[in-house]
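# Structure assessment
One-letter residues, chain by chain:
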Amino acid sequence: NGRVRGARDEGRDDRGGGAPGEDWQRDMKDFIRKNRLDERTQDALAGLGRRDAQEVMGTDGGKNSFVLDENVRNPDAVIMSRIRRLTQN
């Protein structure tokens, strides 16, 4: 579609229609699958509101990436750290 993909779209497929992050619950399912997150991390994500979930997933245009680097040994620890950071701020 000629759209330039930026950091907020990293790891997302181009499904067309709507703005990036518009369907955040579908994004969450993709995020969980692509990063192979365990049940505990999935539950923690599910407990977040839309805005916080988007920040953790990196679909808010912030510094977080949607798909973690393949060299990350423990993706669950990275995501739980992002969630903890939210609650501390």
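Residues numbered from 1 in each chain as written. Predicted model: local features only at pLDDT ≥ 70, side-chain atom pairs only at ≥ 80, totals over all residues. Heavy atoms only, no water.

Along the chain, arginine 82 falls in helix α4 (residues 75-88). For arginine 82, a relative accessible area of 7% translates into the label buried. Excluding anything up to four places from it in sequence, arginine 82 contacts Phe31, Val56, Met57, Asn64, Ser65 and Leu68. (Helix = DSSP H or I, 4+ residues; strand = E, 2+ residues; numbered from the N terminus. Buried < 20%, exposed > 50% of the residue type's maximum accessible area, 1.4 Å probe, protein only. Contact = heavy atoms within 4.5 Å.)

The next subject is the environment of threonine 41. Examined against the element boundaries, threonine 41 turns out to sit in helix α2 (residues 39-46). Residues threonine 41 and methionine 80, 39 residues apart in the sequence, show an inter-C-alpha distance of 6.5 Å. If we skip the residues at most four places from it in the chain, threonine 41 touches Asp76, Ile79 and Met80.

Within the sequence span of helix α3 (residues 50-57), burial applies to Ala53, Gln54, Val56 and Met57. With its buried residues spanning 160 degrees around the axis, α3 presents them on a single face. The inward-facing, buried residues of α3 abut α1 (24-35), α2 and α4. Positive phi shows up at glycine 58, right after α3, with a value of about 85 degrees. (Arc of directions from axis to C-beta.)

Let us now look at the confidence of the model for the chain. With 75% of its residues at a pLDDT of 70 or more, the chain shows a mean pLDDT of 82. Contacts of residues 1-17 to residues separated by more than four positions or lying in other chains number 30 contacts, the stretch itself having pLDDT below 50. (pLDDT = per-residue confidence, 0-100.)

What follows is about the packing of α1 against α3. At a minimum axis separation of 10 Å, α1 and α3 run at an interaxial angle of 35 degrees. For the crossing formed where α1 meets α3, the hand is left-handed. For the pair formed by α1 and α3, the contact residues are Trp24, Asp27, Met28 and Phe31 on the first element and Arg50, Ala53, Gln54, Val56 and Met57 on the second. Residue classes in the contact of α1 with α3 are distributed as six nonpolar, one polar and two charged. (Axes fitted to C-alpha atoms, helices over the stretch in contact; angles between N-to-C directions. Left-handed = near helix turned anticlockwise from the far one by under 90°. Nonpolar A, V, L, I, M, F, W, Y, C, P; charged D, E, K, R; others polar.)

Our next topic: the packing of α1 against α2. One can describe the packing of α1 onto α2 by two numbers: an axis separation of 11 Å at closest approach and a directional angle of 160 degrees. It follows that α1 is roughly antiparallel to α2 by the angle criterion. The handedness of the crossing between α1 and α2 is right-handed. In this structure, α1 contributes Met28, Phe31 and Ile32 to the contact, and α2 contributes Gln42, Leu45 and Ala46. (Parallel < 35°, antiparallel > 145°, perpendicular 65-115°, else oblique.)

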